[in-house]
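If you want the building blocks of each chain, they are given just below.
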Amino acid sequence: MSPRVILLLFAVPLSLGFGLMNGSLPLSPAEVWQALLGQGENTASDVVWQLRMPRVLAAFACGGLLALSGVLLQVLLRNPLADPYILGISGGAAVGALGAMLFGAGMSVTRISSFSGALLVMSVVFGLGFRQGERNIYRLLLTGVVLSAGCGALISLLLTLTQGEQVKGMLYWLMGDLSHPEGLVMAWFVLLLAGLCASLFSGGLDVLAGGVNKAAALGVAVDRWQAGLFFAAAALTMMALQLGGNIGFIGLMIPHAIRLLGFHAHRWLIPLSVSVGGSFLVLADTLARILWSPLQLPVGIFTALLGVPVLLWLLGRRK
């Protein structure tokens, strides 16, 4: 195992520890360790287990889901700059969530409405892109872009119709909010299962990334692979949306950054993207909690502020 792999994987415990130590009540590494072992003061233990641990785990799962979705979509569309939200799924989820918020629905109804909106858009994209047994990736991509634009217009309309404090809640959802993590166990189950399955089929992903004709010549069932990648990426994106709202940039930046570091084979790209994507979102969410404390900022702001310079630096140093 190369030093670069070890360094990237070492970011996981570092980010988790950083998230558990920092907040409105700073804790030392010793206090966190004692709290994890069930020792130490009750205050530190309550802060770690009841407040910070669920949020840190939610941030890591959400980041890992988005990064893995980005890897799969970049294989499907054969474009290293493809994004999990390019198919319009996030737009449909946003319209569903904001529509429920507009009518004063609770968190559970909002999540159901968000999921329904994402599922509706996914059905339309798949139905037009893979209609009558014909697989057309370009039509699928174009359909997603068109639906994203339409959903963007509906989002603007909903924000215009909303008044008072509801606007703030809508904006937080649109820019990412991990303060109410629900479905955490299911999110981790999906992440681990999808990551394991993707790693097992990493060889096929390498072949498919080299081109459809080459993959077909080597005996890969291209149509089934493309449909499977679409549904897997869409499911991962919807799960991330349910967990943390509309958090952007991770699915685009993390897999591309891992490739720029020299890891192109999917047997390395998949676990490293999940690890770095989860660690990156934990870091961003922790900064969103502490930099303007006690006010908590939307985490999507920091994914862009942290990610843009890193990706520009990687692009600048690439030979």
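The preceding data block contains the structure.
As a starting point, this report considers the structure included with it. This structure is a prediction, so every number in the text was calculated from the model and none was measured.

## Some words on the overall build of the protein chain
And step 1. The secondary structure content of the protein chain amounts to 14 helices and zero strands.
And step 2. When the helices and strands of the protein chain are read in sequence order from the N terminus, they spell out α-α-α-α-α-α-α-α-α-α-α-α-α-α.
And step 3. Here the C-alpha atoms of the protein chain give a radius of gyration of 20 Å, agreeing with the 20 Å that 2.2 N^0.38 yields for 319 residues.
And step 4. Reported as C-alpha extents along the three principal axes, the dimensions of the protein chain are approximately 65 × 55 × 35 Å.
And step 5. Residues counted as buried form 48% of the 319 residues belonging to the protein chain.
And step 6. Here the contacts in the protein chain between residues at least 6 apart in sequence split such that 75% fall between residues at least 24 apart.
And step 7. Counting only carbon and sulfur atoms, one obtains 69% of the accessible surface of the protein chain, whose full area is about 15000 Å².
And step 8. Within the protein chain, the 11 negative side-chain charges are centred at a point lying 15 Å from the centre of the 17 positive side-chain charges.

## Quick notes on the pattern of salt bridges
And step 1. Scanning the model with the defined rule gives two salt bridges in all.
And step 2. Put simply, Arg 55 and Asp 285 hold a salt bridge, and the shortest N to O gap is 2.8 Å. Taken as a pair, Arg 55 in helix H3 (residues 42-76) and Asp 285 in helix H13 (residues 266-290) lie far apart in primary sequence, 230 residues in all.
And step 3. Using a relative accessible area of 10% as the deciding quantity, one classes Arg 55 as buried.
And step 4. The salt bridge partner of Arg 289 is Asp 285, with a shortest N-O separation of 3.9 Å. In this pair, Arg 289 and Asp 285 both sit in helix H13, four residues apart, roughly one turn of the helix.

## Here's the deal with the packing of aromatic side chains
The relative placement of two aromatic rings is captured by the distance of their centres and the angle of their planes.
And step 1. A full pass over the atoms with the stated rule returns five aromatic pairs.
And step 2. Ring geometry for Phe 60 versus Trp 188: centroids 5.6 Å apart, planes at 5°, classification stacked. A residue pair is termed long-range when its members are at least 10 positions apart, and Phe 60 in helix H3 and Trp 188 in helix H8 (residues 184-200) qualify at 128 residues.
And step 3. Taking the relative accessible area as the measure of exposure, Phe 60 reaches 8% and is therefore buried.
And step 4. Arranged with centres 5.9 Å apart and planes meeting at 85°, the rings of Phe 201 and Trp 225 form a pair that is edge-to-face. One end of the pair, Phe 201, is in the loop between H8 and helix H9 (202-209); the other, Trp 225, is in helix H11 (residues 222-244), with 24 residues separating them in the sequence.
And step 5. Here the aromatic residues Phe 126, Phe 230 and Phe 231 are joined through ring pairs into a cluster of three or more.

## Some remarks on a nonpolar patch on the surface
And step 1. A cluster of nonpolar side chains, namely Trp 33, Leu 36, Leu 37 and Trp 49, defines an oily patch on the protein surface of about 430 Å² accessible area.
And step 2. Along the chain, Leu 37 falls in the loop between helix H2 (29-36) and H3.
And step 3. Assessed through its relative accessible area of 47%, Leu 37 is described here as partly exposed.

## With respect to H3
And step 1. Look at H3: 50 Å from first C-alpha to last across 35 residues, which is about the 51 Å you get at 1.5 Å a residue.
And step 2. At Arg 52, H3 shows its maximal kink, close to 45°; a proline, Pro 54, follows between one and four residues later.
And step 3. Burial of H3 is extensive: 27 of the 35 residues sit out of reach of the surface.
And step 4. Positive phi appears at Arg 78, one or two residues downstream of H3, with a value of about 50°.

## Concerning the state of the cysteines
And step 1. A full pass over the atoms with the stated rule returns zero disulfides.
And step 2. As a non-bridged cysteine, Cys 151 has Cys 62 as the owner of its nearest cysteine sulfur, 19 Å distant.
And step 3. The exposure class of Cys 151 is buried, given its relative accessible area of 8%.

## A look at the environment of Arg 131
And step 1. Relative to the assigned elements, Arg 131 resides in the loop between helix H5 (107-129) and helix H6 (137-161).
And step 2. Owing to a relative accessible area of 40%, Arg 131 belongs among the partly exposed residues under this scheme.
And step 3. A C-alpha to C-alpha distance of 61 Å links Arg 131 and Glu 41, two positions 90 residues apart in sequence.
And step 4. If we ignore the near neighbours within four places in the chain, the residues touching Arg 131 are Phe 126 and Arg 139.

## Examining H5
And step 1. The end-to-end C-alpha separation of H5 is 33 Å, in line with the 33 Å expected for 23 residues at 1.5 Å each.
And step 2. All of the buried residues in H5 are Thr 110, Arg 111, Ser 114, Gly 117, Ala 118, Val 121, Met 122, Val 125 and Gly 129.
And step 3. Buried-residue contacts for H5 involve helix H4 (89-102), H6, helix H7 (166-175) and H11.

Definitions and cut-offs
- Residues numbered from 1 in each chain as written.
- Predicted model: local features only at pLDDT ≥ 70, side-chain atom pairs only at ≥ 80, totals over all residues.
- Heavy atoms only, no water.
- Helix = DSSP H or I, 4+ residues; strand = E, 2+ residues; numbered from the N terminus.
- Rg over C-alpha atoms; globule rule 2.2 N^0.38 Å.
- Buried < 20%, exposed > 50% of the residue type's maximum accessible area, 1.4 Å probe, protein only.
- Contact = heavy atoms within 4.5 Å.
- Areas by Shrake-Rupley, 256 points an atom, 1.4 Å probe, with all protein chains shown as cover.
- Lys, Arg positive; Asp, Glu negative; His and termini not counted.
- Charge placed at Lys NZ, Arg CZ, Asp CG, Glu CD.
- Salt bridge = Lys/Arg side-chain N within 4 Å of Asp/Glu carboxyl O.
- Phe/Tyr/Trp six-rings, centres within 6.5 Å; stacked < 30°, edge-to-face > 60°.
- Patch = residues over 30% accessible without salt bridge, like charges linked within 9 Å, V, L, I, M, F, W, Y side chains within 5 Å.
- Expected span 1.5 Å × (residues − 1).
- Bend = angle between axes of the 7 residues up to and from the residue.
- Disulfide = S-S within 2.5 Å.

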